[in-house]
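Inside the fold
These are the residues of each chain, in order.
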Amino acid sequence: MGRSVDEHVREVATLVRAAAQRRATDPPETVAVSAALAGRLATPVRSRLDVPGFDNSQMDGFAVHAEDLARAGVTPVTLPTVAHVVAGDAVPPRLDPGTAAPIMTGAPLPPGADAVVPVERTRPGDFGPVEGGGLVEFGEAVEPGTFLRRAGSDVEAGATVLDAGAPLTPAAIGALVVSGVAEVEVAPLLRLAVVATGAELVTGAVPDSNSSVLAAHAVSLGLPVTTHVVPDDPALLRELLDRLAVEHDVIVTTGGVSAGTREVVRQVVEGTPGSWFGHVAIQPGGPQGLGTVRSGDRDVPIICLPGNPVSVLVSFELFLRPALAQAAGRVAWRPSGTSALAEPLTSPPGRLQVRRGRLGDDGRVSLVGEAGSHLAVSYARADVLVLVPEHTTELDAGDTVEWWRIA
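Report on the accompanying structure. (Residues numbered from 1 in each chain as written. Predicted model: local features only at pLDDT ≥ 70, side-chain atom pairs only at ≥ 80, totals over all residues. Heavy atoms only, no water.)

Helix-helix packing: each pair is described by the crossing angle between the helix axes and the interaxial distance. Across the interface, helix α4 (residues 209-220) lies against helix α7 (residues 309-327) with an axial gap of 10 Å and an inter-helix angle of 20°. On the basis of their axis angle, the class for α4 and α7 is roughly parallel. The crossing of α4 and α7 is right-handed. Packed against α4, whose contacting residues are Ser 209, Asn 210, Val 213, Leu 214 and His 217, the element α7 presents Pro 309, Val 312, Leu 313, Phe 316 and Glu 317 at the interface. (Axes fitted to C-alpha atoms, helices over the stretch in contact; angles between N-to-C directions. Helix = DSSP H or I, 4+ residues; strand = E, 2+ residues; numbered from the N terminus. Parallel < 35°, antiparallel > 145°, perpendicular 65-115°, else oblique. Left-handed = near helix turned anticlockwise from the far one by under 90°. Contact = heavy atoms within 4.5 Å.)

Below you can see the structure in the form of structure tokens.
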């Protein structure tokens, strides 16, 4: 039985999402913010500080009393300067009315000042002597609050910085640090197991690149992963799956999913609750499978990928990575775009063909390698995947193609 690419994406996402929801019911883990590289917050986080912590200048300019410049729009106002205020200074002395304090971006606002005028809007357009004693001319009035960053204007102490479920993105880590938060409670991460099948892998006749590839992807998403190799023996595979289901939330297999005589994964997994094996309308990576293995009160999903190296890579990108990335609090979909094709290509009807390519300096996409599912080295030389729709059988040089960035 066949299915569309979109349908298989939804089915895989449903299984992974259910596993992530179950995992999230486990006790949260307390981790240092500096070590929180993936996942989502288990509980809301409140700021320990006002951010910013003090009133400061948004610009390089002059701190003033706005009232002193009320008539500047009619006739220029000249004020004497006091000592410069720079970032890192302690709170400076109170600014007397009728004076201006040269102030740098991020520097604390002198008490009494209520506005900052950028230096480029003054004459002579410089800050004058560091110790003060200069004169500065203002040619326009200014409203109180102009170019100021008020203490707590980003977040006040005690206010919520991030809600439960928020992904721990780099921006989130920065927000937590500036808010004075040292530790957070993180929802437990999905635990992955990768199982490569085939006697040729066990004996070493063929290198097991698939396990390394999938483990590297998991690590890049911040997810814990273990790797395993098993021969084409249904009893051994069944025993391994049962054992892995105790400590893992998602199991990913490679190989043994097609219609041959030694398709061990299909033999073992087909018939489990929710299982499906068949062809997805894609090239490479057509043979796919899904299933579950019972562990206590959990049905642990098994995502069954084909065995050819490029098929594994393409299958992971289209079907598995988006769901895993979302569970890990990462951006689910790769950056994408469209460009002109540098050369012609042909594609089988009724299948989404996924080719490897490189974006050139001229913005055009050149294909890397042929369409074969075994060309792992060609894949490594590519920086985009080129997607040719199911209804397209030929494209000429110059035709527009969609691409996903992979490097």
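This part is about the packing of aromatic side chains. Enumeration according to the criterion identifies 3 aromatic pairs in this entry. When the centroid spacing of 5.6 Å and the interplanar angle of 40° are considered together, the rings of Phe 62 and Phe 127 count as tilted. You can see Phe 62 sitting in strand β5 (residues 61-64) and its partner Phe 127 sitting in the loop between β9 (122-123) and β10 (135-138), a full 65 residues away along the chain. Here Phe 62 and Phe 138 contribute two aromatic rings whose centre-to-centre distance is 6.0 Å and whose plane-to-plane angle is 90°, an arrangement assigned as edge-to-face. Pair noted here: Phe 62 is in strand β5 and Phe 138 is in strand β10, with a separation of 76 residues, a long-range link. When sorted by exposure, Phe 62 lands in the same class as Phe 138, which is buried. Ring pairing ties together the aromatic residues Phe 62, Phe 127 and Phe 138, which thus form one cluster. Just above the ring of Trp 276 sits the side chain of Arg 3; from NZ or CZ to the centre is 3.8 Å. (Phe/Tyr/Trp six-rings, centres within 6.5 Å; stacked < 30°, edge-to-face > 60°. Buried < 20%, exposed > 50% of the residue type's maximum accessible area, 1.4 Å probe, protein only. Lys NZ or Arg CZ within 6 Å of the ring centre and 35° of its normal.)

Once that is clear, we can look at unusual backbone geometry. In this chain, Val 51 is followed by Pro 52 through a cis amide linkage whose omega measures -5°. Cis peptide bonds are those with omega within 30 degrees of zero, and the linkage from Gln 283 to Pro 284 qualifies with -5°. Structurally, the position occupied by Pro 284 is in the loop between β18 (282-283) and β19 (287-295). In this model, Phe 147 sits at a positive phi of 55°, which is unusual for a non-glycine residue. Structurally, the position occupied by Phe 147 is in the loop between β10 and β11 (148-149).

Moving on: the pattern of salt bridges. For the structure shown, the criterion picks out 14 salt bridges. In this structure, the salt-bridge partner of Arg 294 is Asp 299, at a minimum N-O distance of 3.0 Å. Under the relative-accessibility criterion, Arg 294 is labelled partly exposed at 49%. A network of salt bridges, in which partner residues are shared, links Arg 23, Asp 26, Arg 191, Asp 249 and Arg 298. (Salt bridge = Lys/Arg side-chain N within 4 Å of Asp/Glu carboxyl O.)

Okay, the nonpolar core next. Ranked by internal contacts, the top residues of the largest apolar core, which has 42 residues, are Leu 223, Leu 318 and Leu 324. When residues in this core are grouped by element, the largest group, 11 residues, is from α7. Setting aside anything within four residues of it in sequence, one finds Leu 318 in contact with Val 5, Val 9, Ile 282, Trp 333, Leu 352, Val 354 and Trp 404. (Core = buried A, V, L, I, M, F, W, Y, C linked by side-chain atoms within 4.5 Å.)

Another point: the pairing of strand β25 (residues 384-388). Most of β25 is tucked away, with 5 of its 5 residues classed as buried. Of the two faces of β25, the one carrying Val 384, Val 386 and Val 388 and the one carrying Leu 385 and Leu 387 are both buried. Pairing geometry for strand β23 (residues 352-359) and β25, over 5 bridges, is antiparallel. Residue pairing across strands places Arg 355 opposite Val 386, the latter belonging to β25. The sheet contact formed by β25 and strand β27 (residues 400-405) spans 4 bridges and is antiparallel. Of the residues in β27, the one forming a bridge with Leu 387 is Glu 402. (Pairing = 2+ DSSP bridges.)

Moving on to α7. At Leu 320, α7 shows its maximal bend, which comes to roughly 55°, and the proline Pro 322 appears one to four places after that position. The buried fraction of α7 amounts to 16 of the 19 residues, a majority that puts the element mostly inside the structure. Gly 329 lies just past α7 and shows a positive phi near 80°. (Bend = angle between axes of the 7 residues up to and from the residue.)

All right, on to the pairing of strand β21 (residues 336-340) then. Successive residues of a regular strand alternate their side chains across the two faces of the sheet. With burial as the criterion, only one face of β21 is covered, namely that bearing Gly 337 and Ser 339; the residues Ser 336, Thr 338 and Ala 340 on the opposite face remain uncovered. As judged from the 5 bridges shared by β21 and β27, these two strands associate in the antiparallel manner. Counted as the bridge partner of Gly 337 is Trp 403 from β27.

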